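Structure assessment
Residues per chain are reported as follows:
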Amino acid sequence: MSEKKKKFFSKKKIIVGAVIVVLAVGGFQLLRGGGESGMPVNVAAVAKQDLRDSIILKAPLEGTETVEIVSNLHYEVTAINVKEGDRVIKGQILAVLDSEAMADEIGSAQDALALAQAQYEDSMRSKQLAYEQAVQNLQNAQKDAERNAALFEVGGISAEENEKSQSALLEAEAAIKGYRVQNGKVLGDAYELENVEAARNTLARKQESLSDGKIISPIDGTVTRVNINVGRFADETDDKKPMFVVENLQQLQMQVSVSEYDIADIVPGQEVEISADILKGEKVSGVVERISPTGELKEGSAAERVIPTVIRLTENNENLIAGVNAKAEIIIDEVEGALAVPIEAVQDNGDGTGTVRRVKEDNTIETVAVKLGLETDLLIQIIGDDIQEGDQLVLNGEDLADGTLVSVSVI
C-alpha cells in the first residue's frame, strides 16, 4: 500500500472515531435531559411588585339621599319655580297649584258641612221632642194600667178593658226602647253621624289640599328631574313619573351587587377606588358604607345570589355627576414590594406553602420550598430566604426533576 493511501485511511479512522465520540456524548446528554441545549421551558423572573387583591364592580353614581315628589291633587299647575340643575333647600317651593279652584272647593265643602250639621241638629230636635212625648205617653200608660188593674180586681171594669190598657203600656215601653239616650238626651244614629263626619273629613282634605297647593322640597339638594309643565294637572305627569326628583349630590354613592362568593371579604369601612370615563383617568376615594343583611337572586342567574352593598364617595371631584356609570375597586388586601411570580410558576401545597423550580446558572433545575402570600388573578407572592429578585422560575414545571438540563425562554 502506498504512503498516500495509508495516510488517507488513517485520517478516515480519526474522523469516524470523532463522530462516534460526539454521538456518544450526545446520547448521554439526551438521556440527561434533552440534549446539549436542554429541554425547552418557559420561565419568568421573580420581580418586586406592589400586589393588590380586589373586587371590581360597576354601577351608576347617585345621590346619597333621593326623594321623588308627587301629588295626588287634580289641580292645574300655575307656576314652576325651578329647573333641572337648580340647588334647593328644605321647604323651598318648587311649584304652585291653582289656589283659586282650591278655595272654591273649600267653600263648597264648608257649606256641605254646615248643611249636614243643620240637618243633623234638626233631626236631633225632632227626635228629642218625640222621645219626650214617648216618655210622657209611657208615664200615662203606666198610670192607666195600674188604675185599670185595680178596678178589674173589684169588678169595676171588664177584662177586655183591662187588657187594652196593658197592651197600651207595652206599646209605650217599646216606643221608648227605640231611642238611643244618654242622660236624657237622644243620640243620633250611625247614618246621621256618618253624614256629618264625611262632610267634616271632606272639608279637612280640601283645607289640607290648599296647604299642599305649594309643592315643596323635603330636603336640601339638587333638582335632577322636572316631569311637569305649567297648565298640566299635578296628578297627570309625563308617563306617571314624579313631579320632581331632588337628590343630595353633595354626597355621591354607588349601590352595587356583591356576589355571595365574594361577600365574605367585604366589610363596612373597607377602602374603595372609584373611576369613571368622565374622570379621564383620575380616581377618587370611597368606602364601603353598608351591606344588606339579606341577599337576592342575581339578575340572569338561576342560582347565584348577590348582596346589595352601598359605597359612599369620600372624595369630591367636580367632574362627577349623578347618573354616570362608575367602576368601584374594593381593596381586599395590598402588599408593597412583594416578590411576585405568575401563578403558573408555583405548585401550591394547599397549606400556605408551595414549591417552585428554579433554573440554576448551569441551566439545571432545582426545587425550592416557599411560603405563599397574597394572590391576585395572575400573580402570587412568594416568601423564602432562598428566593431572590431576578431568579428564573419555570412555568408549569412541576414534572421536572432536580438536575434536569433546560433551555429557557423568558416570558
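Residues numbered from 1 in each chain as written. Predicted model: local features only at pLDDT ≥ 70, side-chain atom pairs only at ≥ 80, totals over all residues. Heavy atoms only, no water.

Focus: the overall build of the protein
Heads up, the rule is: Under the DSSP-based scheme used, a helix requires at least four consecutive residues in state H or I and a strand at least two consecutive residues in state E, with every element numbered from the N terminus. Under the scheme applied here, a residue whose accessible area is under 20% of the maximum for its type counts as buried, over 50% as exposed, and between as partly exposed, the area being computed with a 1.4 Å probe on protein chains only. Here, two residues are considered to be in contact whenever any of their heavy atoms come within 4.5 Å of each other.
On a plain count of helices and strands, the protein comes out with four helices and 23 strands. Residue burial in the protein is summarised as follows: out of 411 residues, 33% are buried. Excluding contacts between residues fewer than 6 apart, the proportion of contacts in the protein whose partners are at least 24 apart in sequence is 74%.

As for the nonpolar core
One broad rule of soluble globular proteins: the nonpolar side chains tend to lie buried together. This is how the line gets drawn: Here, nonpolar core refers to any group of buried Ala, Val, Leu, Ile, Met, Phe, Trp, Tyr and Cys residues whose side-chain atoms link them within 4.5 Å.
One finds Leu61, Met254, Ile274 and Ile311 to be the most contacted residues of the largest nonpolar core, which totals 22 residues. Among the secondary structure elements, those contributing two or more residues to this core are β2 (47-63), β12 (252-259), β13 (271-275), β14 (283-291), β16 (305-313) and β17 (325-342). Ignoring any residue separated from it by four or fewer positions in sequence, one finds Ile274 in contact with Met254, Leu279, Glu282, Lys283, Val284, Ser285, Gly286, Ile311, Leu313, Ala326, Lys327 and Ala328.

As for the pattern of salt bridges
Definition in use: What makes a salt bridge here is a side-chain nitrogen of Lys or Arg within 4 Å of a carboxyl oxygen of Asp or Glu, nothing more.
Inspection of every chain in the model, using the stated rule, returns twelve salt bridges. Overlapping salt bridges bring together Arg52, Glu273, Lys283, Glu329 and Glu334 as one network.

Regarding a negative patch on the surface
Let me state the cut-off plainly: Residues forming no salt bridge and having over 30% relative accessible area are the ones grouped into patches, like charges within 9 Å of each other and nonpolar side chains (Val, Leu, Ile, Met, Phe, Trp, Tyr) within 5 Å. Surface accessibility follows the Shrake-Rupley procedure with a 1.4 Å probe radius. Residue values consider only the protein chains on display as shielding. For this count, His and the chain ends are skipped, Lys and Arg are scored as positive, and Asp and Glu as negative. Just so you know, the charge point we use is NZ for Lys, CZ for Arg, CG for Asp and CD for Glu.
Negative charge collects at one region of the surface, where Asp348, Asp351, Glu375 and Asp377 lie side by side. Mapped onto the elements, Asp377 comes out in the loop between β20 (365-375) and β21 (379-383).

Some points on the confidence of the model for the protein
The condition that has to hold: Note on scores: pLDDT gives the predictor's confidence for each residue, bounded by 0 and 100.
Across the protein, pLDDT averages 85, with 89% of residues at or above 70. Here residues 1-35 is a poorly scored stretch, pLDDT under 50, and it has 17 contacts once near neighbours within four places are set aside; other chains count.

Brief notes about the sheet that holds strand β6 (residues 93-97)
Condition: Here the rule is simple: two strands pair whenever DSSP picks up at least two bridges between them. Working convention: axes come from line fits to C-alpha atoms, limited for helices to the stretch in contact. Angles between N-to-C directions cover 0 to 180 degrees.
Taken in spatial order, the three strands make up an open sheet running β4-β6-β9, and their pairing is antiparallel. Unpaired on one side and paired on the other, β4 (77-80) and β9 (214-216) mark the two borders of the sheet. When the angles between neighbouring strand axes are averaged without regard to direction, this sheet yields 20 degrees. Here β6 runs beside β9; their pairing, made up of three bridges, is antiparallel.

Notes on helix α3 (residues 159-177)
What counts is decided by this rule: The span one expects for a helix is its residue count, reduced by one, times 1.5 Å. The reported arc concerns the directions from the helix axis to the C-beta atoms and nothing else.
The end-to-end C-alpha distance of α3, which contains 19 residues, comes to 28 Å, matching closely the 27 Å that a straight helix rising 1.5 Å per residue would cover. Every buried residue of α3 is accounted for by Asn162, Ser165, Leu169, Ala172 and Ile176. Within α3, the buried residues cover an arc of 80 degrees as seen down the axis, which keeps them to one side. Facing away from the buried surface of α3 by more than 90 degrees, the exposed residues are Glu160, Glu163, Lys164, Leu170, Glu171 and Lys177.

Focus on unusual backbone geometry
You will see that Asn183, though not glycine, has its phi angle at about 55 degrees, which is positive. Counting through the fold element by element, Asn183 comes out in the loop between β7 (181-182) and β8 (185-186). A positive phi angle, near 65 degrees, is found at Asn363, a position not held by glycine.

Considering the sheet that holds strand β11 (residues 244-247)
Judged by pairing direction, the sheet is antiparallel, and its four strands sit side by side in the order β3-β11-β10-β5 without closing on themselves. Pairing within the sheet leaves two strands with one partner each, and these edge strands are β3 (66-69) and β5 (87-88). Bridging between β5 and strand β10 (residues 221-226) involves two bridges; their strand directions are antiparallel. Within β10, the residue paired with Arg87 across the bridge is Thr222.

Brief notes about the environment of Gln92
Among the secondary structure elements, Gln92 is positioned in the loop between β5 and β6. Since its relative accessible area comes to 29%, Gln92 is described here as partly exposed. In sequence terms Gln92 and Asp220 are 128 residues apart; their C-alpha atoms lie 8.8 Å from each other. Contacts of Gln92, omitting those with residues within four sequence positions, involve Val82, Arg87, Ile215, Ile216 and Ser217.

With respect to the pairing of β20
Strand direction decides the pairing type here: strand β19 (residues 353-359) and β20, joined by seven bridges, are antiparallel. Note that in β20 the partner of Val359 across the bridge is Ile365. Between the end of β19 and the start of β20, which pair antiparallel, lie five residues, with Asn363 showing a positive phi angle near 65 degrees. As paired elements, β20 and β21 share three bridges and run antiparallel to each other. When the bridges of β21 are listed, Leu372 appears paired with Ile382.

Some details on the packing of aromatic side chains
To keep things clear, this is the line we draw: Stacked, tilted and edge-to-face are the three classes applied to pairs of Phe, Tyr and Trp rings, where Trp contributes its six-membered ring and a pair requires centres within 6.5 Å; stacked means planes under 30 degrees apart, edge-to-face means over 60, and tilted covers the rest.
Enumeration over the complete set of coordinates arrives at one aromatic pair. Ring geometry for Tyr131 and Tyr179: centres 5.5 Å apart, planes at 65 degrees, overall edge-to-face. Taken together, the positions of Tyr131 in helix α2 (residues 99-153) and Tyr179 in the loop between α3 and β7 put the pair 48 residues apart, joining distant regions of the chain. The exposure class assigned to Tyr131 is buried, which follows from its relative accessible area of 14%.

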